[in-house]
Amino acid sequence: MAKISIKNLNVFYKNIQALKNINLDVETNEILGIIGPSNSGKSSLLQVINRLSEMNNSKVTGEILLDNESIFSLPINSLRKRVGLIFATPTVLPGSIYKNVTYGPKLHKKFKKSELDELVYFALNTADLWNEVKDRLQESASKLSGGQQQRLCIARILALKPEVIMMDEPCSGLDPISTAKIESTMVSLKDKYTFILVTNNTKQAARVSSRVAFFLSGEMIEIDKTEKMFTNPKDKRTNDYISGRFG
Ligand code: ADP
Ligand code: MG
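**Overview of the packing of helix H3 (residues 97-108) against helix H6 (residues 146-159)**
Here is step 1: Close contact between H3 and H6 brings their axes to 8 Å; oriented N to C, the two are set at 35°. As H3 runs across H6, the sense of the crossing is right-handed. Every residue of H6 that contacts H3 at Ile-97, Asn-100, Val-101 and Pro-105 is listed here: Leu-152, Ala-155, Arg-156 and Ala-159.
Here is step 2: Considering only residue class, the contact of H3 with H6 consists of six nonpolar, one polar and one charged.

**Overview of the packing of H6 against helix H7 (residues 176-189)**
Here is step 1: As a packed pair, H6 and H7 sit with axes 9 Å apart at the nearest point and diverge in direction by 20°. In terms of orientation, H6 and H7 fall into the roughly parallel class. Crossing hand, H6 versus H7: right-handed. Side by side, H6 and H7 meet where Gly-147, Gln-150, Arg-151, Ile-154 and Leu-158 of the first sit next to Ser-178, Lys-181, Ile-182 and Leu-189 of the second.
Here is step 2: Looking at the contact of H6 with H7, its residues break down into four nonpolar, three polar and two charged.

**Some words on the nonpolar core**
Nonpolar side chains in soluble globular proteins tend to be buried together.
Here is step 1: Grouped together as the largest cluster of nonpolar side chains are 36 residues, with contacts concentrated most on Leu-124 and Leu-152.
Here is step 2: Contributions of two or more residues to this core are made by H3, helix H4 (113-126), helix H5 (130-133), H6, strand S7 (164-168), H7 and strand S8 (194-198).
Here is step 3: When residues in this core are grouped by element, the largest group, seven residues, is from H6.
Here is step 4: Apart from residues lying up to four places away in sequence, Leu-124 is in contact with Ile-97, Val-101, Leu-129, Trp-130, Val-133, Leu-137, Leu-152 and Ala-155.
Here is step 5: Residues Ile-34, Val-48, Leu-74 and Val-198 belong to the second largest nonpolar core, which totals 28 residues.

**Notes on helix H1 (residues 42-49)**
Here is step 1: Among the eight residues that make up H1, six are buried, leaving the element largely enclosed by the rest of the structure.
Here is step 2: In the stretch just after H1, Arg-51 is the one whose phi turns positive, near 60°.

**Remarks on the pattern of salt bridges**
Here is step 1: The tally for this structure, following the rule as stated, stands at 15 salt bridges.
Here is step 2: One salt bridge connects Arg-82 with Glu-163, and the closest N-O pair in it is separated by 2.9 Å. Residue Arg-82 is located in helix H2 (residues 76-82), and its partner Glu-163 is located in the loop between H6 and S7; the two are separated by 81 residues in the primary sequence.
Here is step 3: Classification of Glu-163 by relative accessible area gives partly exposed; the value is 25%.
Here is step 4: Arg-245 is the salt-bridge partner of Asp-240, the closest N and O atoms lying 3.0 Å from each other.
Here is step 5: Since its relative accessible area comes to 58%, Arg-245 is described here as exposed.

**So, the site of ligand 1**
Here is step 1: Residues in contact with ligand 1, as listed here, are Tyr-13, Ile-16, Ala-18, Pro-37, Ser-38, Asn-39, Ser-40, Gly-41, Lys-42, Ser-43, Ser-44 and Asn-56.
Here is step 2: Here Tyr-13 contributes a side-chain N or O atom positioned 3.5 Å from a nitrogen atom of ligand 1.
Here is step 3: Contact between ligand 1 and Asn-39: an oxygen atom at 2.7 Å from a main-chain N or O atom of the residue.
Here is step 4: Calculation on ligand 1 without its partners gives an accessible area of 560 Å², and the protein chains cover 66% of this total.
Here is step 5: Looking at the shell around ligand 1, the elements that each hand over two or more residues are strand S2 (16-26) and H1.
Here is step 6: It is H1 that contributes the most residues to the shell around ligand 1, three residues altogether.
Here is step 7: In the shell around ligand 1, the residues fall into four nonpolar, seven polar and one charged.

**Observations regarding the packing of aromatic side chains**
Here is step 1: Tallying each qualifying case throughout the model produces four aromatic pairs.
Here is step 2: A ring pair is formed by Tyr-121 and Trp-130, whose centres lie 4.9 Å apart and whose planes are at 85°; its orientation type is edge-to-face.
Here is step 3: Judged by its relative accessible area of 18%, Trp-130 falls in the buried class.
Here is step 4: An aromatic cluster is defined as three or more aromatic residues linked by ring pairs; in this entry it consists of Phe-214, Tyr-241 and Phe-246.

**Regarding the environment of Ser-140**
Here is step 1: By the secondary structure assignment, Ser-140 is in the loop between H5 and H6.
Here is step 2: The partly exposed category is assigned to Ser-140, whose relative accessible area is 27%.
Here is step 3: Between the C-alpha atom of Ser-140 and that of Asn-100, which follows or precedes it by 40 residues, the distance is 9.3 Å.
Here is step 4: Setting aside residues up to four positions removed in sequence, Ser-140 forms contacts with Gly-95 and Ser-96.

What counts and what doesn't
Residues numbered from 1 in each chain as written. Chains lettered and ligands numbered in written order. Predicted model: local features only at pLDDT ≥ 70, side-chain atom pairs only at ≥ 80, totals over all residues. Heavy atoms only, no water. Axes fitted to C-alpha atoms, helices over the stretch in contact; angles between N-to-C directions. Helix = DSSP H or I, 4+ residues; strand = E, 2+ residues; numbered from the N terminus. Left-handed = near helix turned anticlockwise from the far one by under 90°. Contact = heavy atoms within 4.5 Å. Nonpolar A, V, L, I, M, F, W, Y, C, P; charged D, E, K, R; others polar. Parallel < 35°, antiparallel > 145°, perpendicular 65-115°, else oblique. Core = buried A, V, L, I, M, F, W, Y, C linked by side-chain atoms within 4.5 Å. Buried < 20%, exposed > 50% of the residue type's maximum accessible area, 1.4 Å probe, protein only. Salt bridge = Lys/Arg side-chain N within 4 Å of Asp/Glu carboxyl O. Near = heavy atom within 4 Å. Polar contact = N/O pair within 3.5 Å; in protein donor to acceptor, adjacent residues only side chain to side chain. Areas by Shrake-Rupley, 256 points an atom, 1.4 Å probe, with all protein chains shown as cover. Phe/Tyr/Trp six-rings, centres within 6.5 Å; stacked < 30°, edge-to-face > 60°.

Pasting the structure below:
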């Protein structure tokens, strides 16, 4: 059974159709890479899966199932706890590193102090940030570098014990070392979570994805195993994009 099953999905903004009849299954424990040039609908796809589309006056038709249940009938807080979204620009909360990690979980249930400490260690360590911040957990998160802030955003999502982690060009503003840390974190976690990685960096998709989907002008042109996609794509437009002829 697919973790997420998208059926006949259309997303319309006022006079633009951002997604056109998308049919796509995201398998449990895969890293699905989504590539394509700007304006191909990649961000719209992640946003509708998180139901952020409800905040921007878009019209959505079709169905999205999470474990065979419509996301549109789930309580929104439960959906967003189960399916986390990381944005291109890291957005830390005002306040300490510790508070950034504990804020979300505390909205969902009560914890003892020792449980929170454990959760903070788990999330920061899993996001490959613990060693860099363990001596300054009470300092402001905004003092961290961009790459550290993005790993803190990942830690915040991990602290919610999600099932699916979606990332929208998570490394686009980051240095190569932070990028490598985020990529290795994803690969090391893929047996426990399902990832959807939108990236404008085809090499990144090639490095970490199990499968890759190519989007263009709101259509899903092609989806295949990563190696097949990058060596022998079916569609000429995929080939033109991955070989750098446009985009
Ligand atoms: P990508 O992430 O691949 O760059 P987007 O999903 O952001 O693509 O955009 C797809 C199309 O939808 C583009 O033409 C974009 O201008 C349009 N679009 C995206 N968000 C909005 C919005 N909130 N209001 C109106 N149009 C939007
Ligand atoms: Mg985008």
